[in-house]
Amino acid sequence: MTILRISTQPIEGQKPGTSGLRKKTQVFMQPGYLENFVQSIWNGVGGVAGKVLVLGGDGRHFNTEAAQTILRMAAASGAARVIVGQGGLLSTPAASHLIRKRGADGGIILSASHNPGGIDGDFGVKFNTANGGPAPEGVTARIHEASTRLDHFLMLDSADLPLSEIGQHRLGDTVIEIVDPVSEYATLMESLFDFDAIRALLGTGFTLRFDAMHAVTGPYAREILENRLGAAPGSVRNAVPLPDFGAGHPDPNPVWAKPLFDAMFAADAPDFAAASDGDGDRNMILGRGIYVTPSDSLAVLAANAHLVPGYRDGLKGVARSMPTSRAVDRVAEALGIAAYATPTGWKFFGTLLDAGLATLCGEESAGTGSDHVREKDGLWAVLLWLNILAEWRMPVAAMMADHWARFGRNYYSRHDYEGIDSAVAATLIDDLRGALPAMAGQTVAGLAVEAARDFAYTDPVDGSTAHKQGIEIDFAGGARAVLRLSGTGTEGATLRVYLERFDAQDTGQDPQVALAPVIAATEELAGIAKRTGRTAPDVIT
Ligand code: G1P
Ligand code: ZN
């Protein structure tokens, strides 16, 4: 087989964002687009000759074609071995686990996470390093830099591989090992949780529903929840991964997983429900008649993880992204462990997990995970909840009431304004940044601003820094607003407004009502309606 050296030119905009490079599927399908970026990854990480890589994706449109191309490119550049999920599928946490378990040098995950798929949707490519986690900023910067200097890529002139056939194949001198995407991951879950206790809970008539949203978690959830734990057949819904996710939006939140949400507020609701996203790293948790916000979920999991075999020795520390509510900080304080606040994006948790400073991490965007892998992990969060419920044997709503009675409640909501003009969005943030020095001491819409900052972070392990990570405004009484622009969108700008208010006593209010003063003060400071013409957010979570 010949190695083709194909001339190319740099393509502008191949700059990884919050989580890899995300573009419209049709952009990735343009001749040379994917190839340029993959060669830039190889160049940015010092080549792949002799290296072992993991490859898989969430099954969205172009997944298989992209996998074949990447295999040809890995072989052309001399990779020793590529471990591929059967059919080119791997959930993000399963890919992270495989990289770690097999001691691979890194891996590529094909996904745009919760963004819609299909030919008119989004596609994405993410590089993970040898610890199994998303490449840190230094690495993504080198990849981007390589993309700006690219003049050729290498491609093996070879036929497609049968990705459905488990076993060892060869592509030139490279071994391509096709593995079952589920089994190693399921074994890892069995090692962390008390499957007998969960099985016993399910045996008491406890009912559950899991919505895989036509995305990659379906096969994992079926195997673990139905086959290994004995949940009733059909408990896992929308379990077959589809290239366009059934024309849906595979984002597990009250808006995009509305059918599940509604079902949990109906008279015949199951005891517990959950959903995951396109690539299986997000989770949404619901009980009968209650939605648990991701921030609260993180706090509850932190408070109860010691009940579960994998965390019996307690947590070393917890970490949350800065915009995530401070509910988990209260738990950490009670446990006497450290709580870290990092910039948005899972890549910032990697060093804390590697150094043993944090065991549990979470983001308000439905991401929760632990040191078992280096990605957030949707199904893991569901199993941790089930294992804790198996110990508590009480309804989710009662557990939450109990938690708030003990720690107080951090009312929390995120308001997203999508597809707004990029220049308008940038000016809004710039103007807030400019107003920061004079903000503390002002009273806006009846709320006193105590402090305000442009969030910057110095990694406590490697000293790397990140700046301009969001405008954070502290109001009196533990209320807070954070404003930042999304780094994962592919059209215009998305303004995210994160709202929080602590209440130690009155824990039973509707969050939007409880947050009304913070919403009003934020509007007065940022002028969202005036600048964007939008009077209400597009998505409230
Ligand atoms: C969003 C979430 C962030 C998450 C990322 C990848 O990024 O807000 O927490 O890590 O997706 O799943 P954003 O679009 O806000 O940059
Ligand atoms: Zn995801």
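Nothing here was measured: the structure is a model prediction, and the numbers come from that model.

S.K.: Is there a simple way to explain the site of ligand 1 in this structure?
M.R.: Not every one of the 16 residues close to ligand 1 is listed here, only the nearest: Ser365, Ser486, Gly487, Thr488 and Arg496. At 3.0 Å from an oxygen atom of ligand 1 is found a side-chain nitrogen or oxygen belonging to Arg282. With respect to ligand 1, the side chain of Lys376 contributes an N or O atom lying 2.8 Å from an oxygen atom. Burial of ligand 1 by the surrounding chains reaches 98%, relative to a free accessible area of 380 Å². Taking a 2 Å distance to the grid points as the criterion, the majority of the atoms of ligand 1 fall inside the largest cavity. When its residues are assigned to classes, the shell around ligand 1 shows no nonpolar, nine polar and seven charged.

S.K.: I tried to follow empty space enclosed by the protein on my own but got confused; where do I start?
M.R.: Rolling a probe over the atoms, with the probe sized like a water molecule, indicates the empty space that remains. Applying the stated rule across the entire model yields four cavities of 30 Å³ or more. Roughly 330 Å³ of volume is contained in the largest cavity. As for the largest cavity, its lining consists of 29 residues, and the residues nearest its centre are Thr18, Ser19, Arg282, Lys376 and Thr488. Partitioned by chemical class, the residues of the lining of the largest cavity number five nonpolar, 12 polar and 12 charged. Estimated volume of the second largest cavity: approximately 80 Å³. For the lining of the second largest cavity, the elements supplying multiple residues, two or more each, are β6 (122–129) and α5 (137–147). Here the lining of the second largest cavity takes three residues from β6, the largest share from any one element. Class assignment of the residues belonging to the lining of the second largest cavity gives a composition of seven nonpolar, five polar and two charged.

S.K.: What should I look at first to understand the sheet that holds strand β19 (residues 409–420) in this one?
M.R.: For sheets, the rule is that strands pair by backbone hydrogen bonds, running either parallel or antiparallel. Strand order in the open sheet made by the seven strands is β20-β21-β24-β25-β26-β19-β27, with antiparallel pairing throughout. The two strands at the open ends of the sheet, each matched to only one other strand, are β20 (443–444) and β27 (539–540). As judged from the five bridges shared by strand β24 (residues 471–475) and strand β25 (residues 479–485), these two strands associate in the antiparallel manner. Residue pairing in the sheet places Glu472 in a bridge with Val482 of β25. Packed onto the sheet, helix α15 (residues 422–435) meets β19, β21 (447–454), β24, β25 and β26 (493–503) and runs at close to 140° relative to β25.

S.K.: Got a minute to help me understand the side chain of Thr25 in this structure?
M.R.: The topology assignment puts Thr25 in helix α1 (residues 25–28). You can call Thr25 buried: its relative accessible area is 0%. A distance of 3.4 Å separates the side chain of Thr25 from the backbone oxygen of Asp122, its partner in a polar contact. Those residues in contact with Thr25 that lie beyond four places of it in its chain are His61, Phe62, Gly118, Ile119, Gly121, Asp122 and Phe123.

S.K.: Please explain the coordination of the zinc ion (ligand 2) as it appears in this structure.
M.R.: The zinc ion (ligand 2) binds to the protein through Ser113 (OG), Asp277 (OD), Asp279 (OD) and Asp281 (OD), with metal-donor distances spanning 2.0 to 2.1 Å. Taken together, the four donor atoms coordinating the zinc ion (ligand 2) span angles of 85 to 159° at the metal, a pattern that classifies the geometry as irregular. Each donor residue of the zinc ion (ligand 2) lies on the same chain, and together they follow the pattern S-x163-D-x1-D-x1-D. In terms of burial, Asp279 and Asp281 fall into one category: buried.

S.K.: Please clarify how the environment of Ile471 should be interpreted in this entry.
M.R.: With respect to the secondary-structure elements, Ile471 resides in strand β24. Of the residues examined, Ile471 reaches a relative accessible area of 0% and is grouped as buried. Residues Ile471 and Ile429, 42 residues apart in the sequence, show an inter-C-alpha distance of 7.6 Å.

S.K.: What's the story with α15 in this structure? I'm lost.
M.R.: An α-helical turn contains 3.6 residues, so any two residues separated by three or four positions project in the same direction. The end-to-end C-alpha distance of α15 is 20 Å, a good match for the 20 Å that 14 residues give at a rise of 1.5 Å each. Those residues of α15 lying buried are Ala425, Leu428, Ile429 and Leu432. The arc that holds every buried residue of α15, seen down its axis, measures 90°, which confines them to one face. Between the side-chain oxygen at the start of α15 and the backbone nitrogen of Ala423 there is a gap of 3.1 Å, and the oxygen is on Asp421.

Rules used throughout
Residues numbered from 1 in each chain as written. Chains lettered and ligands numbered in written order. Predicted model: local features only at pLDDT ≥ 70, side-chain atom pairs only at ≥ 80, totals over all residues. Heavy atoms only, no water. Near = heavy atom within 4 Å. Polar contact = N/O pair within 3.5 Å; in protein donor to acceptor, adjacent residues only side chain to side chain. Areas by Shrake-Rupley, 256 points an atom, 1.4 Å probe, with all protein chains shown as cover. 1 Å grid on protein atoms, 1.4 Å probe; cavity = no way out; pocket = protein on both sides within 12 Å on 5 of 7 lines; lining within 4 Å. Sits in = over half its atoms within 2 Å of the grid points. Nonpolar A, V, L, I, M, F, W, Y, C, P; charged D, E, K, R; others polar. Points joined across faces, edges and corners; volume = space filled by probe spheres on them. Helix = DSSP H or I, 4+ residues; strand = E, 2+ residues; numbered from the N terminus. Pairing = 2+ DSSP bridges. Contact = heavy atoms within 4.5 Å. Axes fitted to C-alpha atoms, helices over the stretch in contact; angles between N-to-C directions. Buried < 20%, exposed > 50% of the residue type's maximum accessible area, 1.4 Å probe, protein only. Donors = N, O, S within 2.8 Å, 3.2 Å for Na, K, Ca; no water. Tetrahedral: all angles 85-135°; square planar, octahedral: opposite > 155°, others 65-115°. Expected span 1.5 Å × (residues − 1). Arc of directions from axis to C-beta.

None of the figures reported here should be taken as evidence of function without further support.
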